[in-house]
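# Structure at a glance
The residues making up each chain are set out below.
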Amino acid sequence: MSTNTMCLHRLARMPYLALPTVPHCQVTYIWISPCGKFPKGKTRTLDSEPQSVADVPRFNATLWIDDVLTEITLVPVRMFRDPFTRDPNKLVMCDALDLQGTPAQFHRRSECAKAMEEVKDQKPWFGFEQEFTLMALDQHPFGWRDDPYPTTRTGPRTPYSRTGVGEVGLEKIWGRDVSLSHYQACLYAGVKISGITNEGGPAQWEFQIGPCEGIELGDHAWTARYILFRVCEDFGVIPSFHPKLFDHPLWSSDGHMNFSTEAMRSPGGLTRIHAAIERLAQRHMEHVALYGDEHNNRKRMIGGSLSSAFDTFSWRTASRSVSVRIPGHVHSEGRGYLEDRRPPSDCDPYVVCQALVETCLPPPGGHNGEDIDYSPL
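Residues numbered from 1 in each chain as written. Predicted model: local features only at pLDDT ≥ 70, side-chain atom pairs only at ≥ 80, totals over all residues. Heavy atoms only, no water.

The protein chain goes by Glutamine synthetase in an unreviewed UniProt entry, where it is assigned to Neogobius melanostomus. Check the Subcellular location (unreviewed entry) section of the UniProt entry for the protein chain; it says "Cytoplasm". In UniProt, the protein chain has this text filed under Sequence similarities (unreviewed entry): "Belongs to the glutamine synthetase family." (UniProt positions renumbered as here; feature names shortened; annotations may be inferred.)

### What about the environment of Pro-327?
The topology assignment puts Pro-327 in the loop between β14 (324–326) and α10 (328–333). Judged by its relative accessible area of 2%, Pro-327 falls in the buried class. Residues contacting Pro-327, with those up to four places away along its chain left out, are Thr-317 and Tyr-337. (Helix = DSSP H or I, 4+ residues; strand = E, 2+ residues; numbered from the N terminus. Buried < 20%, exposed > 50% of the residue type's maximum accessible area, 1.4 Å probe, protein only. Contact = heavy atoms within 4.5 Å.)

### Considerations on empty space enclosed by the protein
All chains considered together, the criterion is met by 3 cavities of 30 Å³ or more. Of the residues assigned to the lining of the largest cavity, the class counts are 8 nonpolar, 6 polar and 1 charged. (1 Å grid on protein atoms, 1.4 Å probe; cavity = no way out; pocket = protein on both sides within 12 Å on 5 of 7 lines; lining within 4 Å. Points joined across faces, edges and corners; volume = space filled by probe spheres on them. Nonpolar A, V, L, I, M, F, W, Y, C, P; charged D, E, K, R; others polar.)

### Looking at the state of the cysteines
Under the defined criterion, the tally for this structure stands at 0 disulfides. Cys-212 takes part in no disulfide bond, and the closest cysteine sulfur, belonging to Cys-353, lies 8.7 Å away. Using a relative accessible area of 1% as the deciding quantity, one classes Cys-212 as buried. (Disulfide = S-S within 2.5 Å.)

### Description of the pattern of salt bridges
What the rule picks out here adds up to 16 salt bridges. Glu-294 serves as the salt-bridge partner of Arg-298, at 2.8 Å between the closest nitrogen and oxygen. Of this pair, Arg-298 and Glu-294 both sit in helix α9 (residues 294–300), 4 residues apart, roughly one helical turn. Relative accessible area serves as the criterion here: at 45%, Glu-294 is assigned to the partly exposed category. Through salt bridges with shared partners, a single network forms among Arg-78, Arg-109 and Asp-219. (Salt bridge = Lys/Arg side-chain N within 4 Å of Asp/Glu carboxyl O.)

### Describing helix α5 (residues 216–235)
In this model α5 runs 29 Å from its N-terminal to its C-terminal C-alpha over 20 residues, within 8% of the 28 Å that 1.5 Å per residue would give. With respect to burial, α5 is a largely interior element, 15 of its 20 residues being buried. The positive-phi residue at the C-terminal boundary of α5 is Gly-236, with phi of around 70°. (Expected span 1.5 Å × (residues − 1).)

### A few points about the sheet that holds strand β2 (residues 39–46)
Through backbone hydrogen bonds, the strands of a sheet pair up, either in parallel or in antiparallel fashion. If you walk across this open sheet you meet the 5 strands as β2-β1-β5-β4-β3, and the pairing is mixed. Sheet topology places β2 and β3 (59–65) at the edges, where each strand pairs with a single neighbour. Across the sheet, the mean angle separating the axes of adjacent strands is 40° when strand polarity is ignored. As judged from the 8 bridges shared by strand β1 (residues 25–32) and β2, these two strands associate in the antiparallel manner. Residue pairing in the sheet places Gln-26 in a bridge with Thr-45 of β2. Taken strand by strand, α5 contacts β1, β2, β4 (68–81) and β5 (90–97), and its axis lies near 105° from that of β4. (Pairing = 2+ DSSP bridges. Axes fitted to C-alpha atoms, helices over the stretch in contact; angles between N-to-C directions.)

Quick look at the structure:
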């Protein structure tokens, strides 16, 4: 099936989507695949529109885990409007339980929620920068020629120069319609999307989620990923979160995470940010192992102007070549947030958020970054 035929099929469905269905409501349940990298979804009919997530019943799903067909229970945790079939229909982000009623091993939301509950008095905020590359059905980057990156002695050389953030023009970027449509769909749904931008590759884009408090960052980020896959279906393209699609020294996809607490955002908060960075330094290798596949991340984190080195922790103000960055305006104002630049684009936001709060925040008896014992945790 060609991309043009697929798009015609999308137009053909419009009269059916306009048919009234009230009082019935379609609810699409969203959860995370066992590999931890992709959203999944299934839809059921409710007799009326749910007024809150508490009105959405649990649902069952089956999936393959270690070559065994396994049944899980989907537990609704956050509800959004459905931008594809529109009101009154809903998208519902779910947690997953196994047959014993305990959190499914591959689904990390429950652990993250517990960690956030323990530090909720410190009001942890997060912002997530999700980079991705649009791919055609032939598995080439969208808009590229059949052989766009022949290997040379110094690495792949493409006919397309690095575009740079914010470039405009069809000779430099492709896929703006996809990114804008995703942006609009997220806003309609109620996802806390705060912006978009094109990235270094011609078909590479980024959307930002946040600021979100506590567990809601993971819920909104995963729902935004689901919406992106659905939007891309309509355009006949595929979003790739692979952190290193091809062996080029500049082109990679990241999942930077911004983090702060109320104390960091308050006057004098820069000292708390410095204390948090000291704690992150002590668990660097543990974190890069949690954040993603070591093989891909070693290829992505090579040092240089845009990335940090895999094996070495570093931080500076207003630098993109470090593990953790303090933005320039944060340094000037003496308060704000830090940016963890180590997570790859295919990270699980729940895992990253949990690691940050469990490492950065003072242990019981600490004083918001003062008089903390910085011995290895």
